[in-house]
Amino acid sequence: MLLSRNFPNARTSDWSQNPDDMTRESPNRFHPFIAFCGLSALLGILGAWIAQGAAVFKAAGDPTIPQASNFYHYTFVRFEPFALYTSAAFFLGLCLVLPRQRAPSSKLSGLLTLKSLPMIVALGVLMATCVGRFAVYQNFDLCIDEYLNDFEVRILNQHHLVATMPEEWRNYQNALKVPYENYNSDKGCWASGFLPGFAGLDYIFSQFNLSWALSPILAALSILLLASLARRTFSDHPMLAANLAVLLLALSPQFLAMAMTKFAWTAHLCSSLLWVWLFIHPNRLLFLLTPILGALLIGLHQPHVHPLVAAPFVLRLLYSRQWKAFSWFVFWYLVGAWGWYQVFTLLRPTAFAGGGDLNNFLPASAFSIIPVLLSLIFATFHAVTLLAWSTPVLVPFLGIFLFTWKKQPPVVQDGFLAVCLTFFFYLFFPHPQGHGWGFRYLHSAYGLLALAATGGAVTLCREGWNSQVSKALLASVAFSLLVQIPYRIHEIRAMVRPLALTWNYISRQPCDFVIIKTSDFWYSWDLIRNDPWLRQRPLIFNGDKLTPEQWNNLSRKGTVTVIGANEVKGFGVILSDPKKSATP
C-alpha cells in the first residue's frame, strides 16, 4: 500500500491556537481597531481621489468612449468615487461612535449567537442571487468569459470537446469569433480557449434547464463551507466565528455580484473553500482526497488559479517536515498538471501555441520600466476596487488580524498568504482586469480573506470587546444592505442592460446574416456570438474583419442586415462617436 497508517494529516488540533495566551499577552486591542478604522477612512478618501483623477484611464464623463478604453477603466472612474467616499464616511462614523465605550463588554449581539444563521444566510444568498440573475443581470452573459462557457456547453451537448466548423465558413472564421475562441486551421475545428471544467459543471445543470442557478447555488455552498471552516478553525468560539465569517462574505457586494454571473470565479471560490475544508479535516481519508480534488481544479477554467491558493498550504507541509504528506500532494498535482497540459495540446493546440493569456505576462526578452510601472499602477487600482466592493468592517478586522499575525491559527495565516500570492501574481500582467465586479482575479481566495478578517474580530472578542465588535458588524450590515448593495445594483444594471437589449435585438433579426459594425459602439465585438456548428441563424459577423469581397459574397449567400450606431443607440449603448453615421 502506498500510504502507511502513520501518514500525517492536518487535524484541527495541529492548526489551533490557545486563546488564553493571546489575552494574557495583549489585554487591549480595541484602540488599534479604531486606528485601523481611521486608516481605512483615509484609504477610502485617497481611493476616491485616485478614481476621480485617474488620467491613465479615459474620462468617463465624456459620452464617447474611445475603442481602446476598457470596461474596468470606465466603471472605475464612473462608479468608484461615490462608493469610496461613502465607505470613508462609514469609517469616520465608527471612529466617532465606538470609542465612547472605553471598557470591554461581554455583551454580544443576538445575531452573532444565532446557531442557524449560516443556513439562513446561505438561503438568503441563493434567493437574492437567483432573483438578481434575472432582475439585475438580465440573465445575460456580458463578458467573453461567460459567453465562451456557454459556447463550450453547447459543444458538450453534442458529446464533443471541440466543434467542427463547416467548410464553407472557414475563410470567414476570423469574423465569426471573439478573442479566446480558438480556431484550428489544420483540423477545421474551434473551441473555447479556456479549460472545460466549469463548462462541464454547467453542462450538468443545463440538462435540467438550471444553468442560470449554477453560480447562486455555488455561492450558497460557499457560505456553508466557510461557516464550517470557521467553526473548526476557531474552536474556542465556533458559533461566533462562523457567523462573523458568513456575514463578512455574504454582505460584500463583490461576492453577490459575481454570483449573479456565469463567470467561473464563484466556482473557484467554492472549490477553494472545499479544498481547505478537506485539507484541515481530521478524517484521514478526506485529507488524502484533497490533492486529487486539487488536480481536478487545475482544469476548472484557468490553470494557474487553484495552484496559487493551494501553494501556501502545501508548502506548510514541507515546512513542518511532513514528507509523506508533501510527496502525496506533489504527486497528484504533477498528475493533474500533466493531464491538463494534454488537454491544452491535444484539444486546443492553437490556444496553447498562441499562448492565450500567457502572452499577457511581462515580456522576458528585454527589461522595460514602463510595464513594471503599469503593473504597480493597476495593482493600486485593484486594491482600491477591492476596498470599495467589500463590506466595510472587513478592512479594520483584517488590520487586527495582521496586527496579531503570530497569534493567529496557521490555516488562517496560510489562507491570507494565498490571498497575497494571488494578488501579487497579477503584477506580472501589466493591464487591468477588464470585465468583472470588484477585483474578480482575487475572487478564488475571497472566502479566505473573510476568514482572515474573522480572525481579527475573534481576537477582539477574546479580549472582551464583544459589544464593540457587534456594533461595528451590525453597522456594516446596515451600510451594505442600505447603501452598498443598492448602489451596485444600479451600477450593474446600468452596464449590463444596454448590451443585453442590444443582443436580444441582434439575435432575433429575421435574416440569414447579421454584420455588426464593431467600430460604431463600445464592446460590440463581444456580441459576435454564434452556434458552434453554425446551424443557428442568423450568423453574426464582425464587420471590421470582413474583406470587401466577403461582404459581397454574404449578400449572394442570403439576406444580410447591417447593424451599427443608428440601430442600437436607442438601447443606451455607448457609441464610439455619437455623431458618426451608421450608413455603409
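Values in this document were obtained by computation on a predicted structure and should not be read as measured data.

Criteria and thresholds
Residues numbered from 1 in each chain as written. Predicted model: local features only at pLDDT ≥ 70, side-chain atom pairs only at ≥ 80, totals over all residues. Heavy atoms only, no water. Helix = DSSP H or I, 4+ residues; strand = E, 2+ residues; numbered from the N terminus. Buried < 20%, exposed > 50% of the residue type's maximum accessible area, 1.4 Å probe, protein only. Contact = heavy atoms within 4.5 Å. Areas by Shrake-Rupley, 256 points an atom, 1.4 Å probe, with all protein chains shown as cover. Pairing = 2+ DSSP bridges. Axes fitted to C-alpha atoms, helices over the stretch in contact; angles between N-to-C directions. Phe/Tyr/Trp six-rings, centres within 6.5 Å; stacked < 30°, edge-to-face > 60°. Expected span 1.5 Å × (residues − 1). pLDDT = per-residue confidence, 0-100. Core = buried A, V, L, I, M, F, W, Y, C linked by side-chain atoms within 4.5 Å. Salt bridge = Lys/Arg side-chain N within 4 Å of Asp/Glu carboxyl O. Patch = residues over 30% accessible without salt bridge, like charges linked within 9 Å, V, L, I, M, F, W, Y side chains within 5 Å. Left-handed = near helix turned anticlockwise from the far one by under 90°. Nonpolar A, V, L, I, M, F, W, Y, C, P; charged D, E, K, R; others polar. Polar contact = N/O pair within 3.5 Å; in protein donor to acceptor, adjacent residues only side chain to side chain.

Some points on the overall build of the protein chain
- Scanning the protein chain from N- to C-terminus turns up 22 helices and 6 strands.
- The buried share of the protein chain, reckoned over its 584 residues, is 58%.
- Relative to all contacts within the protein chain whose residues are 6 or more apart in sequence, the contacts with residues 24 or more apart total 84%.
- Working note: accessible area of the protein chain is about 23,700 Å², and carbon and sulfur atoms make up 64% of it.

Points about the sheet that holds strand 4 (residues 513-516)
- Spatially, 3 strands are ordered 5-4-6 in an open sheet, and the strand pairing comes out parallel. Here the strands that pair on one side only, and so sit at the sheet edges, are strand 5 (539-542) and strand 6 (560-563). Taking the axes of each pair of neighbouring strands and ignoring which way they run, one obtains an average angle of 25 degrees across the sheet.
- In the sheet, strand 4 pairs with strand 6 via 4 bridges, with the strands oriented parallel. If you follow F513 over to strand 6, its bridge partner there is V560.
- Across the sheet, helix 21 (residues 548-557) touches strand 4, strand 5 and strand 6, and the angle it forms with strand 4 is around 155 degrees.

As for the packing of aromatic side chains
- Evaluated as defined, the whole model comprises 42 aromatic pairs.
- Arranged with centres 5.5 Å apart and planes meeting at 80 degrees, the rings of F71 and W437 form a pair that is edge-to-face. Separated by 366 residues along the polypeptide, F71 in helix 3 (residues 71-97) and W437 in the loop between helix 18 (410-425) and helix 19 (446-462) bring together distant segments of the chain.
- Taking the centre distance of 6.3 Å and the plane angle of 10 degrees together, the rings of F71 and W522 count as stacked.

A few points about helix 19
- When the terminal C-alpha atoms of helix 19 are compared, their 24 Å separation across 17 residues agrees well with the 24 Å that a helix rising 1.5 Å per residue should span.
- Most of helix 19 is tucked away, with 17 of its 17 residues classed as buried.
- Two residues or fewer past helix 19, G464 is found with a positive phi of approximately 95 degrees.

Observations regarding the sheet that holds strand 1 (residues 163-164)
- Within the open sheet, the 3 strands sit side by side as 1-3-2. Their pairing is antiparallel. If you trace the sheet from one side to the other, it starts and ends with strand 1 and strand 2 (181-184), each paired once.
- Note: strand 2 against strand 3 (residues 189-192), 4 bridges, orientation antiparallel. Its bridge partner being in strand 3, N182 is matched across the sheet by A191.
- In the packing of helix 5 (residues 144-157) onto the sheet, the strands contacted are strand 1, strand 2 and strand 3, and the crossing angle to strand 3 comes to about 130 degrees.

A word on the confidence of the model for the protein chain
- Considering every residue of the protein chain, the mean pLDDT works out to 85; 83% of them sit at 70 or more.
- Across residues 55-66, where pLDDT falls below 50, the model places 26 contacts with residues more than four positions away in sequence or in other chains.
- Confidence drops under a pLDDT of 50 for residues 351-368, and excluding neighbours within four residues, the segment shows 25 contacts in the predicted structure.

Let's talk about the nonpolar core
- If you look at the biggest cluster of nonpolar residues, it comprises 186 residues, and the most contacted ones within it are F33, W169, W275, W437 and F541.
- The element contributing the most residues to this core is helix 20 (residues 466-507), with 14 residues.
- When sequence neighbours within four positions are dropped, the list of residues in contact with F33 reads L98, V393, P396, F397, I400, L460 and A472.

Quick look at unusual backbone geometry
- The omega torsion of the bond from R537 to P538 falls at 5 degrees, within 30 degrees of zero and hence cis.
- Tracing the chain through its elements places P538 in the loop between strand 4 and strand 5.
- Backbone geometry places N139, a non-glycine residue, at a positive phi of 50 degrees.
- With respect to the helices and strands, N139 occurs in the loop between helix 4 (117-135) and helix 5.
- Under the relative-accessibility criterion, N139 is labelled partly exposed at 37%.

Digging into the pattern of salt bridges
- Here the structure, examined in full by the defined rule, presents 9 salt bridges.
- For E168, the salt bridge goes to K557, with nearest N and O atoms at 3.5 Å. Taken together, the residues E168 in the loop between strand 1 and helix 6 (173-176) and K557 in helix 21 connect sequence positions 389 residues apart.
- Taking the relative accessible area as the measure of exposure, E168 reaches 49% and is therefore partly exposed.

Details of the pairing of strand 2
- Here strand 2 shows no split at all, with E181 and Y183 on one side and N182 and N184 on the other all buried.
- Between strand 2 and strand 3, which pair antiparallel and follow one another directly, the connecting turn spans 4 residues, one of which, G188, has a positive phi of 70 degrees.

With respect to a nonpolar patch on the surface
- On the surface, a cluster of nonpolar side chains totalling about 610 Å² of accessible area is made up of L39, L42, L43, L46, W49 and Y85.
- Counting residues per element, the nonpolar patch draws most heavily on helix 2 (residues 30-52), at 5 residues.

Describing the pairing of strand 4
- The alternating pattern of strand 4 places F513 and I515 on one face and V514 and I516 on the opposite face, and all of these are buried.
- In this structure, strand 4 lies alongside strand 5, joined through 4 bridges in parallel fashion. Following the sheet pairing, V514 is matched in strand 5 by I540.

Regarding the packing of helix 5 against helix 7 (residues 197-206)
- For the pair helix 5 and helix 7, interaxial distance at closest approach is 9 Å and the crossing angle is 65 degrees. For the element pair helix 5 and helix 7, the recorded crossing hand is right-handed. Side by side, helix 5 and helix 7 meet where N149, E152, V153, L156 and N157 of the first sit next to F198, A199, G200, D202, Y203 and S206 of the second.
- Looking at side-chain class alone, the contact of helix 5 with helix 7 contains 5 nonpolar, 4 polar and 2 charged residues.

With respect to the side chain of E80
- Relative to the helices and strands, E80 is located in helix 3.
- At 3.1 Å, the side chain of E80 forms a polar contact with the side chain of W389.
- Non-local contacts of E80, meaning those with residues more than four positions away in its chain, are made with A51, T75, A388, W389, R488 and E491.

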